Amino acid sequence: MSSERYLVYITRSDMPECGVELLKKQCDIKMWHKPSPVPVDEFKKSIPGVNAIFCALTDKINKEILDAAGPELKVVATISVGYDHIDVAECKKRGVKIGYTPDVLTDATAELTMALLLSTSRRLPEAQHEARTGGWVSWAPTWMTGPGLAGSTVGIVGFGRIGQAVARCIKSFNTSKILYFNRSEKQEAKEIGAIKVSFDELLSESDFVICCAPLVPETKEMFNKSAFEKMKNTAVFINTSRGGTVDQNALIEALKKNTIRAAGLDVTTPEPLPLDSPLFKLKNCVILPHIGSATIETRNTMSEISANNILAALNGTNMPAELK
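Treat the numbers as computed from the prediction; the structure is a model and nothing was measured.

Describe in detail the UniProt feature "domain: D-isomer specific 2-hydroxyacid dehydrogenase catalytic" (unreviewed entry) in the chain, supporting the description with residues and values.
Mapped onto this numbering, the UniProt entry gives "domain: D-isomer specific 2-hydroxyacid dehydrogenase catalytic" (unreviewed entry) at residues 14-321. As annotated, residues 14-321 comprises 37% helix and 14% strand, and the C-alpha atoms at either end are separated by 22 Å.

Right, here's the structure in full:
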């Protein structure tokens, strides 16, 4: 291991301390001093000559940033499983390694997906509002009713680690069928009892449609006007992947016109969602502030992996989670 003191830039002050402390043992640290995304101009001004950047999914790592960092930059580590905020091709061209945090947030995101699914379908935020504001007058047989999971067909778009974990959770709710759409067939699906179908078939047959797909060119706005029109008008749509997989204007229209029953979103475009967004005005839409991996244990582990990705890359050893 080299005795050289490396220079690492951390893009926000609220990165979990466990990872920051690991870096401090071998590195000198520069850090944006606020618990918010670093402004682009400040980012560019702060990174000339750094050896590593420890960033979040809110930080665009593009040619402009890479140019500002210069040739001493060896690695970019993001505290996320997604990497659509990083110009992968540009990093590869410059020999800059990329670290990310797959696997560790699978269970946390699956848990949140189920929480969002149940909150949306059983209308929990709406029911709580009624209870708090006097709408709860007495028990009523059809008041605050929503669709249950038992006996339903659930479709999962994107059947990687998170999609599979969601399917395992859903199976315990005595669903009738679990369908999935994915580029390739997944061996794990047989153990779960999930059936691979086309995208259109999944949309038309599912009572609940859950997006777990990564944001890549093929999935950008795959949930558009046409997709929502192919869904049942009783369907519930859940997105815990990336906001860019959805044509948000088309979703707003589908919810307003009752083309689908409801939507639950942990991700939007943009983030944070403006307070005047029409989505906030809809009773049949539940919105969370991108908290899919927000368990204390998961975020701490993500920070440690990010730090170890940086240290391994700088010391010439194998990174725990390198994006190839």
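Give a description of helix α1 (residues 17-24) that names residues and reports values.
When we look at burial in α1, the residues that qualify are Gly 19, Val 20 and Leu 23. Angularly, the buried residues of α1 cover 100 degrees about the axis, an arc narrow enough to put them on a single face. The elements touched by buried residues of α1 are β1 (6-10), β2 (27-31), β3 (52-55) and α12 (296-315).

So, empty space enclosed by the protein: which residues are in play, and what are the values?
In the structure shown here, the tally under the stated rule is one cavity of 30 Å³ or more. Of the voids in this model, the largest cavity is the one considered here, and its volume is about 30 Å³. Here the residues of the lining of the largest cavity are counted per class, giving four nonpolar, four polar and no charged.

Quick rundown of the layout of surface pockets? Include the residues and the values.
In this model, the second largest pocket occupies a volume close to 400 Å³. At the level of secondary structure, the elements contributing two or more residues to the lining of the second largest pocket comprise α5 (106-121), α6 (124-133) and β12 (285-287).

Each value, and the rule that gives it
- Residues numbered from 1 in each chain as written.
- Predicted model: local features only at pLDDT ≥ 70, side-chain atom pairs only at ≥ 80, totals over all residues.
- Heavy atoms only, no water.
- UniProt positions renumbered as here; feature names shortened; annotations may be inferred.
- Helix = DSSP H or I, 4+ residues; strand = E, 2+ residues; numbered from the N terminus.
- Buried < 20%, exposed > 50% of the residue type's maximum accessible area, 1.4 Å probe, protein only.
- Arc of directions from axis to C-beta.
- Contact = heavy atoms within 4.5 Å.
- 1 Å grid on protein atoms, 1.4 Å probe; cavity = no way out; pocket = protein on both sides within 12 Å on 5 of 7 lines; lining within 4 Å.
- Points joined across faces, edges and corners; volume = space filled by probe spheres on them.
- Nonpolar A, V, L, I, M, F, W, Y, C, P; charged D, E, K, R; others polar.

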